[in-house]
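# Geometric and topological summary
Spelled out from the first residue to the last, the chains are:
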Amino acid sequence: MMTKARTWFSALSTVSLLTICAALPVHQALADEPGPVEAIEFDPAKAALGKRLFFDPRLSGDTELSCASCHQPELGFTDGQALSDAYAGSLHFRNVPTLINSAKRAAWFHDGRIGTNLNDVTRESITETYSMNMDMRLMQERIKQDPVYIEMFEAAGFGEPSNGGVRNAIPEYLKTLISRGAPFDTGEMSDEAKAGYELFNASGCNSCHAGERFTDDLPHNIGVGDNPDIWATPERHITFVTMMKFLGVENYMNLRADPGAYIRTHTADTFGTFMTPTLRELTYTAPYMHNGTLATLEDVVAFYNAGGGDDENKDPRIKPLNLSETEQAQLVAFLKALSGEPLTGPDFVAEDIDTDYAPIENWQDATN
Ligand code: HEC
Ligand code: HEC
């Protein structure tokens, strides 16, 4: 088995390659009036398998973490913390993003560094030290032991359990996580929220938060302040330094600010830009921003009202809004009206995963 340090090296060099290949997404034409998030077609057998895998801690090196440890259904598939946990002995320096509607994105992570597909995001999430630290070969052997997986992989058309099957099935499950039932879509917005929607458009929020998911899928700098916990907690700082080194960021040892999407271009004007997040399901996903520094939606609106943060790269559209207390409350009411039904029923959450099966005798020679 590889040592932990070597897993870092090999996995992160793949990331750098992907980063080089990931071009900035082309700006898409956006519909004038955002509507409900359109469902995506999915294969039910593959998605059912993906769901079980998503909730299965056996996909992590020490069998302690599943995808759902950090992406918890009742919290809009986030973890409720400012900064994410990571594999035992390590901690992350970013906030966990929601996975609802994530299958519709063009580029993933707060810096948009993976611009290919969810299959790659899944591989990254399973293998990296900052998440599940799993060797895919070991994972394959583990899931092959479980008779339920043998059946489910077969039913999904993947043949015997494989890495490729896992990397296809989890994205198929992610396609099922689509927003539904928000008052904004069902015509049940309060008058307060309707007034907030007017203010949202009048304040230019819709120039970045546009379309059915309320995002342009592009990075911008709005001047979000620092989260000092990243530099004060060695486990987070080490994750930051290591990742920046392997993403080829100059001066990574002395850096005391998250460069964001700068890692894709290495041009000074992109330093501190982060992907515009969706505004769907915000009532479940606090705290906010790439580093979790704003605790509530009231805080976010107050931040924009004051003209955002202080940063030399700040987008010129972020300016003081001079909204009254009442208007700020209306804007918050509108943002809340973009949250729908929680995705916590059996369609989205795997029932208890039964791991009570007998070991396969002579498993190294057995075929399945
Ligand atoms: C230890 C916590 C943790 C675990 C476990 C974890 N994630 Fe994440 N996930 C994160 C964090 C943190 C980010 C944001 C990282 C960044 O921006 O650099 C993220 C980002 C993502 C994104 C990108 C979302 C977006 O909109 O950009 C997807 C998709 C995702 N994770 C899927 C998964 C899947 C699938 C698994 C299981 C195979 C998984 N994650 C396991 C913490 C975790
Ligand atoms: C120039 C583009 C732009 C404009 C204009 C803009 N935003 Fe944002 N918004 C962003 C970006 C980028 C982020 C993420 C920043 C980060 O993580 O550091 C963000 C984050 C947010 C978040 C936090 C979401 C989360 O899940 O963390 C909310 C809420 C939000 N914006 C609401 C608004 C409102 C309300 C307005 C208008 C007053 C507005 N935005 C105007 C680009 C913009």
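Residues numbered from 1 in each chain as written. Chains lettered and ligands numbered in written order. Predicted model: local features only at pLDDT ≥ 70, side-chain atom pairs only at ≥ 80, totals over all residues.

## Some thoughts on the overall build of the chain
- Check the secondary structure of the chain and you find 14 helices and two strands.
- Burial status across the chain gives 43% buried among its 368 residues.
- For the chain, the proportion of contacts with a sequence separation of at least 24, taken over those separated by at least 6, is 74%. (Helix = DSSP H or I, 4+ residues; strand = E, 2+ residues; numbered from the N terminus. Buried ≥ 20, exposed ≤ 12 C-beta atoms within 10 Å, placed from the backbone. Contact = placed C-beta atoms within 7 Å.)

## Digging into the site of ligand 2
- Taken together, the neighbourhood of ligand 2 is formed by 28 residues, with Cys-205, Cys-208, Val-224, Tyr-288 and His-290 sitting nearest.
- Among the secondary structure elements, those contributing two or more residues to the shell around ligand 2 are helix 13 (297-305) and helix 14 (325-336).
- Take the shell around ligand 2: its biggest share by element is three residues, from helix 13.
- Taken together, the residues that form the shell around ligand 2 break down as 17 nonpolar, nine polar and two charged. (Near = placed C-beta within 6 Å. Nonpolar A, V, L, I, M, F, W, Y, C, P; charged D, E, K, R; others polar.)

## Re the site of ligand 1
- Taken together, the neighbourhood of ligand 1 is formed by 26 residues, with Cys-67, Cys-70, Ser-84, His-110 and Ser-125 sitting nearest.
- When contributions to the shell around ligand 1 are tallied by element, the ones reaching two or more residues are helix 3 (67-70) and helix 4 (118-127).
- Here the shell around ligand 1 gets five residues from one element, more than from any other, and that element is helix 4.
- Among the residues making up the shell around ligand 1, the classes are represented as 14 nonpolar, nine polar and three charged.

## Points about the nonpolar core
- Leu-53, Ala-169, Ile-170 and Leu-177 are the most contacted members of the largest nonpolar core, which totals 45 residues.
- For this core, the elements supplying multiple residues, two or more each, are helix 2 (44-54), helix 4, helix 5 (136-144), helix 6 (147-155), helix 7 (163-174), helix 12 (262-265) and strand 2 (274-275).
- Here this core gets five residues from one element, more than from any other, and that element is helix 7.
- Setting aside residues up to four positions removed in sequence, Leu-53 forms contacts with Leu-59, Val-166, Ala-169 and Ile-170.
- Ranked by size, the runner-up nonpolar core spans 28 residues in total, among them Val-224, Ala-286, Ala-333 and Leu-338. (Core = buried A, V, L, I, M, F, W, Y, C linked by C-beta atoms within 7 Å.)

## A word on the packing of helix 13 against helix 14
- In contact at an axis separation of 9 Å, helix 13 and helix 14 are set at 125° when each is read in the N-to-C sense. Comparing their axes, helix 14 and helix 13 come out oblique. For the crossing formed where helix 13 meets helix 14, the hand is right-handed. Across from Leu-297, Glu-298, Val-301, Ala-302 and Asn-305 in helix 13, the residues of helix 14 making contact are Gln-328, Leu-331, Val-332, Leu-335 and Lys-336. (Axes fitted to C-alpha atoms, helices over the stretch in contact; angles between N-to-C directions. Parallel < 35°, antiparallel > 145°, perpendicular 65-115°, else oblique. Left-handed = near helix turned anticlockwise from the far one by under 90°.)

## Points about unusual backbone geometry
- Cis peptide bonds are those with omega within 30 degrees of zero, and the linkage from Ala-286 to Pro-287 qualifies with -5°.
- With respect to the helices and strands, Pro-287 occurs in the loop between strand 2 and helix 13.
- The phi angle at Asp-217 is positive, at roughly 55°, despite the residue not being glycine.
- With respect to the secondary-structure elements, Asp-217 resides in the loop between helix 9 (191-202) and strand 1 (219-220).
- C-beta crowding within 10 Å serves as the criterion here: with 24 such atoms nearby, Asp-217 is assigned to the buried category.
- A positive phi is found at Asn-251, a non-glycine position, where the angle reads about 60°.
- Its location among the elements puts Asn-251 in the loop between helix 11 (234-246) and helix 12.

## Quick notes on the environment of Asp-226
- Note that Asp-226 resides in the loop between strand 1 and helix 10 (229-232).
- Residue classification places Asp-226 among the partly exposed positions, given that 13 C-beta atoms sit within 10 Å.

## Some words on helix 6
- Taken as a whole, helix 6 has its buried residues at Tyr-149, Met-152 and Phe-153. Buried residues in helix 6, looked at end-on, bunch into an arc of 100°, giving them a common side.
- Contacts made by the buried residues of helix 6 are with helix 2, helix 5 and helix 7.
- Residue Gly-157 follows helix 6 closely and has a positive phi angle near 85°. (Arc of directions from axis to C-beta.)

## Quick notes on the packing of helix 4 against helix 7
- Running from N to C, helix 4 and helix 7 cross one another at 110°; their axes reach a closest spacing of 8 Å. Considering their axes alone, helix 4 and helix 7 lie roughly perpendicular with respect to each other. The handedness of the crossing between helix 4 and helix 7 is right-handed. Here Leu-118, Asn-119, Thr-122 and Arg-123 of helix 4 lie close against helix 7, whose contacting residues are Arg-167, Asn-168, Ile-170, Pro-171 and Leu-174.

## Thoughts on helix 2
- Buried within helix 2 we find Lys-46, Ala-47, Leu-49, Gly-50, Lys-51, Leu-53 and Phe-54.
- Tucked inside the fold, the buried residues of helix 2 contact helix 3, helix 6 and helix 7.

## A few points about the environment of Thr-276
- Counting through the fold element by element, Thr-276 comes out in the loop between strand 2 and helix 13.
- Distance from Thr-276 to Leu-218, taken between C-alpha atoms, is 5.9 Å for residues 58 residues apart in sequence.

## Some points on the confidence of the model for the chain
- Scored by pLDDT, the chain comes out at a mean of 91, with 91% of its residues at no less than 70.
- Below pLDDT 50 for its whole length, residues 1-31 participates in 47 contacts with residues either more than four positions away or in separate chains. (pLDDT = per-residue confidence, 0-100.)

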